[in-house]
Each structure stands twice: as C-alpha cells, then as structure tokens.
Amino acid sequence: MNQRETLDITRERSGLWGTLAGLIVAALIAIPLSAAFAFATHPHSQQLFAGRLSDATAGGYQTFWWIVTLFLLALPFLVGYAVATLSARALIIVGSVVAVFVVAVVILGQMFVF
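Residues numbered from 1 in each chain as written. Predicted model: local features only at pLDDT ≥ 70, side-chain atom pairs only at ≥ 80, totals over all residues. Heavy atoms only, no water.

Re helix α5 (residues 58–85)
Working note: α-helix, 3.6 residues per turn, so residues spaced by three or four point in the same direction.
Thought 1: With 28 residues, α5 extends 40 Å between its outermost C-alpha atoms, agreeing within 8% with the 40 Å of an ideal straight helix rising 1.5 Å per residue.
Thought 2: At leucine 75, α5 shows its maximal bend, which comes to roughly 35°, and the proline proline 76 appears one to four places after that position.
Thought 3: When we look at burial in α5, the residues that qualify are Tyr61, Trp65, Thr69, Leu72, Pro76 and Gly80. (Helix = DSSP H or I, 4+ residues; strand = E, 2+ residues; numbered from the N terminus. Expected span 1.5 Å × (residues − 1). Bend = angle between axes of the 7 residues up to and from the residue. Buried < 20%, exposed > 50% of the residue type's maximum accessible area, 1.4 Å probe, protein only.)

Here's what the structure looks like:
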C-alpha cells in the first residue's frame, strides 16, 4: 500500500500542470481579452459592428462586452483548476465537447453572420 502511494508522482504536480495550462490559455486569449475590454469601455465602438450589435442600446452593448470580458478573465483560472483536479478521461470528454462547440459556433457564424 505504501509503495503504491510513493510511486504516484502525478498527484503532487497536478497544481503545476494546472498553472501551466492556465498560463497558456491566458497567453492565447490576451488579444481577445484586450479587444473585449476596449469595446466595453468605448461605447462609440458600437458603430463598428453592422447588424445586431449596432441596433442594441448603448447600455446593452456595454453590458454584453463586460460579460464577455469577465468570461475571458475567468477562463484561464477555470482551465487551470480543471487540469489540476479532473482525471485524464474527464479532461478528454470536456475537451471534445468544447471542440465540437467551437466547430458548431464557427459553422453557424459563417452561415448566419457572413
């Protein structure tokens, strides 16, 4: 029993893997985060968007971009926590669901926005 516990080195380093994953995600979302923050703090940028966002009220437009900014800020922490605490099988399942979701969003965006 004691030998099995000493051979399991992944338990001690899961926090480091979570931190590394969080840093990588933070680096990947740095530009979208700064753009979302810029759109949230400059209400005149609403004129840049044609379609649904240009028809929204100024308060609704700012609220939308503040929500996007907060979600982008939380993303590195959520990914780091998930990597540190979830099992390998759970990470694969969550990763595949996120990949399918991203593909669906890109396809729907191409169909309805452009």
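That covers the picture; the talk isn't over yet.
Things to note about helix α3 (residues 30–41)
Thought 1: Taking 1.5 Å per residue as the helical rise, α3 with its twelve residues ought to reach 16 Å, and the 17 Å between its terminal C-alpha atoms agrees with that figure.
Thought 2: Among the residues of α3, Leu33, Ala36 and Ala40 are the ones counted as buried. Looking straight down α3, one finds that the buried residues subtend no more than 65° of arc, so they occupy a single side.
Thought 3: Those residues of α3 that are buried are in contact with α5. (Arc of directions from axis to C-beta. Contact = heavy atoms within 4.5 Å.)

Notes on the confidence of the model for the chain
Thought 1: For the chain, per-residue confidence averages 80 on the pLDDT scale, and 82% of positions sit at 70 or higher.
Thought 2: When pLDDT is averaged over each element of the chain, α3 comes out on top at 90 and helix α1 (residues 2–7) at the bottom at 52. (pLDDT = per-residue confidence, 0-100.)

Looking at the packing of α3 against α5
Thought 1: Two numbers describe how α3 lies on α5: the axes approach to 8 Å, and their chain directions differ by 155°. As far as their axial angle goes, α5 and α3 are roughly antiparallel. In this structure, α3 meets α5 at a crossing whose hand is left-handed. Counting all contacts with α3, which are made through Pro32, Leu33, Ala36, Phe37, Phe39, Ala40 and Thr41, the residues of α5 involved are Tyr61, Gln62, Trp65, Trp66, Val68, Thr69, Leu72 and Leu73.
Thought 2: Classifying every residue of the contact of α3 with α5 by side-chain character gives twelve nonpolar, three polar and no charged. (Axes fitted to C-alpha atoms, helices over the stretch in contact; angles between N-to-C directions. Parallel < 35°, antiparallel > 145°, perpendicular 65-115°, else oblique. Left-handed = near helix turned anticlockwise from the far one by under 90°. Nonpolar A, V, L, I, M, F, W, Y, C, P; charged D, E, K, R; others polar.)

Considering the side chain of serine 45
Thought 1: With respect to the element layout, serine 45 can be found in the loop between α3 and α4 (52–55).
Thought 2: Here the side chain of serine 45 touches histidine 42 through a polar contact of 2.7 Å, landing on its backbone oxygen.
Thought 3: Looking at serine 45, its side chain comes within polar contact range of the side chain of tyrosine 61, at 2.9 Å.
Thought 4: Residue contacts for serine 45: discarding those within four places in its chain leaves Phe39 and Tyr61. (Polar contact = N/O pair within 3.5 Å; in protein donor to acceptor, adjacent residues only side chain to side chain.)

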